[in-house]
Amino acid sequence: MTDTANGSAPPANSLPRLVVFALGFAACAWWSIHMTAGPSGFSMLWVPSGILFGVLLTSPRQHWNGYLLGALLGFLAANAQRNGLGPLTLLLSLCNVFDAWLAARIVAPRVTDIGQLASINRTLRVAGAAIILSCSLSALVAATARHALPPGTYGFAVLVETWLASHVMGMVIFGTLTVVARVEGRRMLGPPKRRPELAATLVLVAGSTWLIFAQAHLAASFLLFPPLLLCVLRHRFSGFVPAIALIALIATMQTAAGHGPFVLGAGLDDGVTRARLLQLFILCCCMLAFPIASVLTERRIQTHKLRRSEQQYRILAEYSRDLIIRITPDRTFDYISPSVTELLGWDPQEFERRRWELVHPEDVAILQDAMAPLHEGGGVASLVYRCRHKQGHYIWLAANVRSVRDEQGLMALVFSGRDVTSRIEAEHALEQQARRDPLTGLANRLLFEERMALALARAQRNKTRVGLLYFDVDHFKRINDSHGHAAGDYALRAFAQRMTQCVRSVDLAVRLGGDEFVVVVEDIATPQSLLFIADKLLAATREPVLFGTTPLQIGTSIGIAMSGPMHSDIAALMALADTALYQAKAAGRGTWRLAIPPEGDGPPS
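The rules we used
In this numbering scheme, every chain counts its residues from 1 along its sequence in written order. This being a predicted model, a pLDDT of at least 70 is required before a residue's local features are given, and a value of 80 or more before pairs of side-chain atoms are given or counted; all residues contribute to the totals for chains, interfaces and linings. The basis for the side-chain values is all heavy atoms of the structure; hydrogens and waters are excluded. Think of it this way: any DSSP run of H or I at least four residues long counts as a helix, any run of E at least two long counts as a strand, and we number them from the N terminus. Between the two quantities, the radius of gyration covers C-alpha atoms and the globule rule is 2.2 Å times the number of residues to the power 0.38. Between two residues, a contact is recorded if the distance between any of their heavy atoms is within 4.5 Å. All accessibility values rest on the Shrake-Rupley procedure with a 1.4 Å probe; residue burial counts only the protein chains present in the view. For the purpose of counting charges, residues Lys and Arg are taken to be positive, whereas Asp and Glu are taken to be negative. His and the chain ends are not included. Charge placement uses NZ in Lys and CZ in Arg. For Asp and Glu, CG and CD serve respectively. Any Lys or Arg side-chain nitrogen located within 4 Å of an Asp or Glu carboxyl oxygen qualifies as a salt bridge. When accessible area is computed with a 1.4 Å probe and restricted to protein chains, residues below 20% of their type maximum are described as buried, those above 50% as exposed, and intermediate ones as partly exposed. Here the axes come from fitting lines to C-alpha atoms, over the contacting stretch only for helices, and the angles between their N-to-C directions go from 0 to 180 degrees. Each residue gets one of three labels, nonpolar for Ala, Val, Leu, Ile, Met, Phe, Trp, Tyr, Cys and Pro, charged for Asp, Glu, Lys and Arg, and polar for the others, Gly among them. The rule for pairing is simple: two strands pair if DSSP sees at least two bridges between them. Values of pLDDT, ranging from 0 to 100, describe the predictor's confidence in every residue of the model.

S.K.: Sorry if this is basic, but what is going on with the overall build of the chain here?
M.R.: Scanning the chain for helices and strands turns up 19 helices and twelve strands. Rg of the C-alpha trace for the chain: 48 Å, well past the compact-globule value of 25 Å for 605 residues, more than 25% over. Structurally, the chain occupies a C-alpha span of about 140 × 50 × 45 Å along its principal axes. Here the contacts in the chain between residues at least 6 apart in sequence split such that 66% fall between residues at least 24 apart. Carbon together with sulfur atoms contributes 60% to the accessible area of the chain, which is approximately 29700 Å² in total. Averaging the coordinates of the 56 positive side-chain charges in the chain and doing the same for the 47 negative ones gives two points 11 Å apart.

S.K.: For this particular structure, what's the right way to read the pattern of salt bridges?
M.R.: Opposite charge on two side chains allows them to pair when their charged atoms are near. Under the defined criterion, the tally for this structure stands at 17 salt bridges. A salt bridge links Lys390 to Glu350; the shortest N-O distance between them is 3.3 Å. Taken together, the residues Lys390 in the loop between strand 3 (380-388) and strand 4 (394-405) and Glu350 in helix 12 (residues 348-358) connect sequence positions 40 residues apart. A relative accessible area of 42% means that Lys390 is categorised as partly exposed. Across the pair Arg511 and Asp437 runs a salt bridge whose closest N-O atoms are separated by 3.1 Å. In this pair, Arg511 sits in strand 7 (residues 508-513) while Asp437 sits in the loop between helix 14 (421-435) and helix 15 (445-462), placing the two residues 74 residues apart along the sequence.

S.K.: What am I meant to see in the packing of helix 1 (residues 15-34) against helix 2 (residues 48-57) here?
M.R.: The description of two packed helices rests on the angle between their axes and on the distance between the axes. Interhelical geometry of helix 1 versus helix 2 gives an angle of 145° and a closest axis separation of 9 Å. On helix 2, the residues touching Phe21, Phe25, Cys28, Ala29 and Ser32 of helix 1 are Pro48, Ile51, Leu52 and Val55. Here the contact of helix 1 with helix 2 is composed, by residue class, of eight nonpolar, one polar and no charged.

S.K.: Can you walk me through the pairing of strand 7 in this structure?
M.R.: Looking down a regular strand, the side chains alternate between one sheet face and the other. For strand 7, a buried count of five out of six residues is recorded, marking the element as mostly surrounded by other parts of the structure. Bridging between strand 7 and strand 8 (residues 516-524) involves five bridges; their strand directions are antiparallel. In the strand pairing of strand 8, Ala509 is matched with Val519. Linking strand 7 to strand 8, which pair antiparallel, is a turn of two residues; within it Gly514 sits at a positive phi near 60°.

S.K.: Is there a simple way to think about the pairing of strand 3 in this case?
M.R.: The pairing of strand 3 with strand 4 spans nine bridges and is antiparallel. Counterpart to Tyr385 in the pairing with strand 4 is Leu397. Between strand 3 and strand 4, which pair antiparallel in sequence order, lie five residues; one of them, Gly392, sits at a positive phi of approximately 110°.

S.K.: Would you take a moment to explain the sheet that holds strand 3 for this structure?
M.R.: Think of a sheet as strands paired side by side through backbone hydrogen bonds, with each pair either parallel or antiparallel. Read from one edge of the open sheet, five strands run 2-1-5-4-3, paired in antiparallel fashion. The open sheet terminates on both sides in strands that have one partner only, identified here as strand 2 (333-336) and strand 3. Here the strands of the sheet are splayed against their neighbours by 25° on average, with no regard to which way each runs. As defined by bridge partners, strand 1 (residues 323-327) adjoins strand 2 across three bridges and the pair is classed as antiparallel. Following the sheet pairing, Ile325 is matched in strand 2 by Ile336. Here helix 13 (residues 361-377) sits on the sheet and contacts strand 1, strand 3, strand 4 and strand 5 (411-419); the angle it forms with strand 3, its principal contact strand, is near 150°.

S.K.: Sorry, what's going on with the environment of Ser529 here?
M.R.: Mapped onto the fold, Ser529 is located in helix 18 (residues 528-542). Residue Ser529 is classed as partly exposed on the basis of its relative accessible area of 29%. It is 29 Å that separates the C-alpha atoms of Ser529 and Pro438, two residues lying 91 residues apart in sequence.

S.K.: Help me out: how do you make sense of unusual backbone geometry in this one?
M.R.: Most peptide bonds are trans, and most residues other than glycine sit at a negative phi. Phi angles above zero are rare outside glycine, and Lys463 is one such case at about 60°. Residue position: Lys463 is located in the loop between helix 15 and strand 6 (465-473). Residue classification places Lys463 among the exposed residues on the basis of a relative accessible area of 67%. The phi dihedral of His475 is positive, around 55°, even though this residue is not glycine. With respect to the helices, strands and loops of the structure, His475 is situated in the loop between strand 6 and helix 16 (476-483).

S.K.: I tried to follow the confidence of the model for the chain on my own but got confused; where do I start?
M.R.: A low pLDDT means the predicted coordinates there should not be read in detail. Looking at the chain, the pLDDT average stands at 83 and 90% of residues meet or exceed 70. Put simply, helix 10 (residues 271-319) is where the chain has its lowest mean pLDDT, 77, and strand 11 (residues 556-562) is where it has its highest, 93. Here residues 265-269 scores under 50 on pLDDT; set against residues more than four positions off or in separate chains, the count is eight contacts.

Okay, here's the thing in structure tokens:
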């Protein structure tokens, strides 16, 4: 009657399986009727409906008809032996099938995870309501039939009570046992190492039950609770389900045989009262042990989830290449992931001791200002900063810092950072390319305009002046026309190289486009430094350069302009330099001219 451990039953419509199933149910029904029958004629513990209920719950819906047919045949065979063939036998058999079917029909669509111990409390609530409803309906019909066909000795209410109690207990106890057995399989016995202990504990429960129900002292029945609780405490549901089943089977068999605390010797001469007390005793055992088994199982499940969660977190934290840090409310590190060694070369202890020393000096204040509010008011911050590698160089880290509340309700921080050095360097390279001339490597017009605007603003604020040297390659068109563009590009690169040798590192050398060049000189008071640079440029460019074996002349003429005390207009300064350049070319080239700012800007000193 049991099936595969995953709960997917094999087809029940094949004839051999149907025969085996029907015979098994017939045996269970016969045992329940003849071994545990009460004085009213109904069993004190009805086992087969519980097994059928559990089988239906753990089987696909398309297999139900086969199981129901096999169960009906088994019930007919068992009832026929006691009541003979007739309407009563058919009606009682139908009632036995009906209550299990109706309960399963109610539970199945509402509890899809029937085998999950984590949801056992919800499952039992739904199943309990369904069992009481279905057994109440079948009890009404069965009691009516038993009372009328033929007229019974006991009243209708007694018949209903006996049927209802025995079927509810049977479905709860043996339905649960069947579900657990079919879903868990061998796992219901617990870990292999503890199975001998479980077997020994169950033997203790069975032996204690047998001994207690072999005598007639009512108070002795309470001695069964310690071994039952021991079994539950040691094995949780793996001990609870089989222990309750053993107690129910042995106690009802002994009581039906005229033994135990609920017999005439105990002063209970009413058979119905003895049956009620037996059922109440079994119910008390269930109510005593189930909450403990439920709590222990839930605790085990939660502990397993917590351990699994911790294990997954530890795997993610310790095997991730990201640097993960937990910062306590008092600003100490209580966790640093091992990836710090791979990322920065430091071991966690070294990193914790030196932490702020490793941050680039320019980024310390930025980092502290961003993280301080998170400790106070919470929130999330995204940071990009430089951190020193153990080998001495700095790497760029992009970090997300999120505030979380610790066990005391204080604000802790979780830091997650990764190496973005390649990305930052690529961005810097792209930024450089956007502001550099690809042919000569000098600044381009975009960088010139940015730096020139800043230089004029600083000069106005500091009461200094900005100088501008504007020049081009004399007769450059002749080089392109005579020797080709490759020669022209070579001449421009050579010109730019000589040009950079003539200016200071703080000056900005620019190629505006074509053969036009500019040098920006800041923090000057007189034109003398500008004239010095101009003379150096003229001297450096008089010598020709060789393109292969061809000499190329790369001489230049220079227009010099200097801003006035109040002058901050790039276009006006460029216009002054252009005018000076025109004058230098008109003077015969290879020379410079200085343009004086207009009167309103004030003359140079």
